[in-house]
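Listed here are the chains, written in short residue letters.
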Amino acid sequence: MPELPEVETVLRGLAVRLEGRVLVRLAASRPDLRWPLPDLSPAEGRRVVGLARRAKYILVRLEGGLTLLIHLGMSGRIVLAPPGANATPPAHEHVVFETDEGWRAGFVDPRRFGSLDLIRTEAEATHPRLARLGPEPLEDGFTPEALSAALAGRRTTIKAALLDQGTVAGLGNIYVCEALFRAGLSPRRSAHTVAGARARRLVQAIRETLADAIAAGGSSLRDWRQANGELGYFQHAWKVYGRAGEPCERCPGPPGCGGIATYRQSGRSTFACPLTQR
DNA sequence: ACTGTTACCTGATTGC
DNA sequence: TGCAATCAGGTAACAG
């Protein structure tokens, strides 16, 4: 569920309570999420030296060269509880961290597509889940040249290529739809035809979409919340996602356009304006 | 190597 | 109202 802006939002909320603190207790209430949970005892008693994000992963770096690697999957979130708060944990809270200040951070994930690993910090770059990720879209390495090089020769659609975390890291179904709308590119366009001016437009559109979403605290679909319990509000800024049949803001209105179209691409819902996205 | 499909899991919504 | 079918923000494993 959470895509890059939501993960970034969770990370920022979590950092406030974890950075510089000692993790005095880590406890799992089941043996696995998507994969078996690691033995968390090596992390206990260690100080958090910093938090970072790579793609949709949160990296909690601990003193002594260990990193907690968190992925929220489709339904994962972090629920913070202040010291002395009512001890009833939320439903589907599978793992909890407690700091020396008494704050608790619970990993809540009904669908359990999320994951938690404990790895050596020096092995981050070579970890199987991180090694093949493409460039961070908000960093300097994500250029039109890099994007068109990554798309060259690919016979799949631009939408599928952008959902591939090896092309660019952190996009999911919502932000791919939104970025393609902003770029004026059809989700069905062949990936390899996105080069030159189209690649420049797409890089810009992806950057702007993500930056705007982060500024809004992410999108709150259903009851998704930030770590501090607040709702993000970027869902109100969606131009196409979830807006099937509505007129798109770039179209002059009827006649001419049946509104925003929705269709399935590789099992996922796509939303796009059939007139302004080519 | 590349591409599309399936599977993992629960809960909310939709349709009969 | 009840129940079944469908759909969800992700990604790894698989088949072709």
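Since we're looking at a predicted model, the values are computed, not measured.

Here the focus is the overall build of chain A. Looking only at helices and strands, chain A has six helices and ten strands in total. Expected size for 278 residues packed as a compact globule is a radius of gyration near 19 Å; at 20 Å, chain A falls within 12% of this value. In terms of overall dimensions, chain A has C-alpha extents of about 60 × 35 × 30 Å along its principal axes. For chain A, the proportion of its 278 residues judged to be buried stands at 37%. Once local pairs closer than 6 in sequence are excluded, the contacts in chain A between residues at least 24 apart make up 63%.

A few words now on the packing of helix H3 (residues 144-151) against helix H6 (residues 196-215). Closest axis-to-axis distance for the H3/H6 pair is 9 Å, and the angle between their directions is 110 degrees. Looking at the two axes, H3 sits roughly perpendicular to H6. When the axes of H3 and H6 are compared, the crossing they make is right-handed. Every residue of H6 that contacts H3 at Pro144, Leu147 and Ser148 is listed here: Ala199, Arg200, Leu202 and Val203. A per-class count over the contact of H3 with H6 returns five nonpolar, one polar and one charged.

With respect to the element layout, Glu63 can be found in the loop between strand E3 (57-62) and strand E4 (66-71). Since 14 C-beta atoms lie within 10 Å of it, Glu63 is described here as partly exposed. Considered as a pair, Glu63 and Gly20 are 43 residues apart in the sequence and their alpha carbons are 9.7 Å apart. Ignoring any residue separated from it by four or fewer positions in sequence, one finds Glu63 in contact with Arg46, Arg47 and Val49.

Another aspect to go through is the UniProt feature "active site" (unreviewed entry) in chain A. Look at the UniProt record and you will see "active site" (unreviewed entry) annotated at Pro2, Glu3, Lys56 and Arg268. Mapped onto the elements, Glu3 comes out in the segment before helix H1 (4-18). Mapped onto the fold, Arg268 is located in strand E10 (residues 268-272).

This paragraph deals with the sheet that holds E4. Each strand in a sheet pairs with another by means of backbone hydrogen bonds, the pair being arranged parallel or else antiparallel. Pairing is antiparallel across the open sheet formed by four strands, whose spatial order is E2-E3-E4-E8. Each end of this open sheet is capped by a strand with a single partner; those strands are strand E2 (48-54) and strand E8 (115-120). Each neighbouring strand pair of the sheet contributes to a mean axis angle of 20 degrees, computed without reference to strand direction. One ladder, built from six bridges, connects E2 with E3; its direction is antiparallel. Each bridged residue has a counterpart across the sheet, and for Arg54 the counterpart in E3 is Tyr57. Running at roughly 180 degrees to E2, H1 makes contact with E2 and E3 of the sheet.

What follows covers the environment of Leu14. Here Leu14 shows up in helix H1. Since 23 C-beta atoms lie within 10 Å of it, Leu14 is described here as buried. For the pair formed by Leu14 and Leu51, sequence separation is 37 residues and the distance between their alpha carbons is 8.5 Å.

In terms of domains, chain A is made up of domain 1 (4-131) and domain 2 (144-272). The centre of domain 1, based on its C-alpha atoms, is set 28 Å off from the matching centre of domain 2. With 14 residues of domain 1 in contact, the opposing surface of domain 2 contributes 18 residues. Across the side of domain 1 that touches domain 2, the residue classes break down as seven nonpolar, two polar and five charged.

Within strand E6 (residues 93-99), five of the seven residues are buried, which leaves the element mostly enclosed by the surrounding structure. Where E6 folds back on strand E7 (residues 104-108), the antiparallel hairpin that results is connected by four residues, among which Gly102 adopts a positive phi of roughly 90 degrees.

As a further point, take the sheet that holds strand E1 (residues 23-28). Here four strands make up an open sheet; going across it, the order is E1-E6-E7-E5 and the pairing antiparallel. Two strands lie at the open edges of the sheet, namely E1 and strand E5 (77-81), each paired on one side alone. Averaged over all adjacent pairs, the angle separating strand axes in this sheet is 15 degrees, with direction ignored. Pairing of E6 with E7, which is carried by five bridges, proceeds in the antiparallel orientation. When the sheet's bridge partners are listed, Glu98 is paired in E7 with Arg104. Packed on one face of the sheet, H1 meets E5, E6 and E7 and runs near 30 degrees to E5.

A word on the environment of Arg25. Its place among the elements puts Arg25 in strand E1. Since 14 C-beta atoms lie within 10 Å of it, Arg25 is described here as partly exposed. Through-space distance from the C-alpha of Arg25 to that of Val96 is 7.9 Å; in sequence the pair is 71 residues apart. Beyond its immediate stretch of four places on either side in the chain, Arg25 contacts Glu44 and Glu98.

Procedures and definitions
Residues numbered from 1 in each chain as written. Chains lettered and ligands numbered in written order. Predicted model: local features only at pLDDT ≥ 70, side-chain atom pairs only at ≥ 80, totals over all residues. Helix = DSSP H or I, 4+ residues; strand = E, 2+ residues; numbered from the N terminus. Rg over C-alpha atoms; globule rule 2.2 N^0.38 Å. Buried ≥ 20, exposed ≤ 12 C-beta atoms within 10 Å, placed from the backbone. Contact = placed C-beta atoms within 7 Å. Axes fitted to C-alpha atoms, helices over the stretch in contact; angles between N-to-C directions. Parallel < 35°, antiparallel > 145°, perpendicular 65-115°, else oblique. Left-handed = near helix turned anticlockwise from the far one by under 90°. Nonpolar A, V, L, I, M, F, W, Y, C, P; charged D, E, K, R; others polar. UniProt positions renumbered as here; feature names shortened; annotations may be inferred. Pairing = 2+ DSSP bridges. Domains from an automatic or database assignment.

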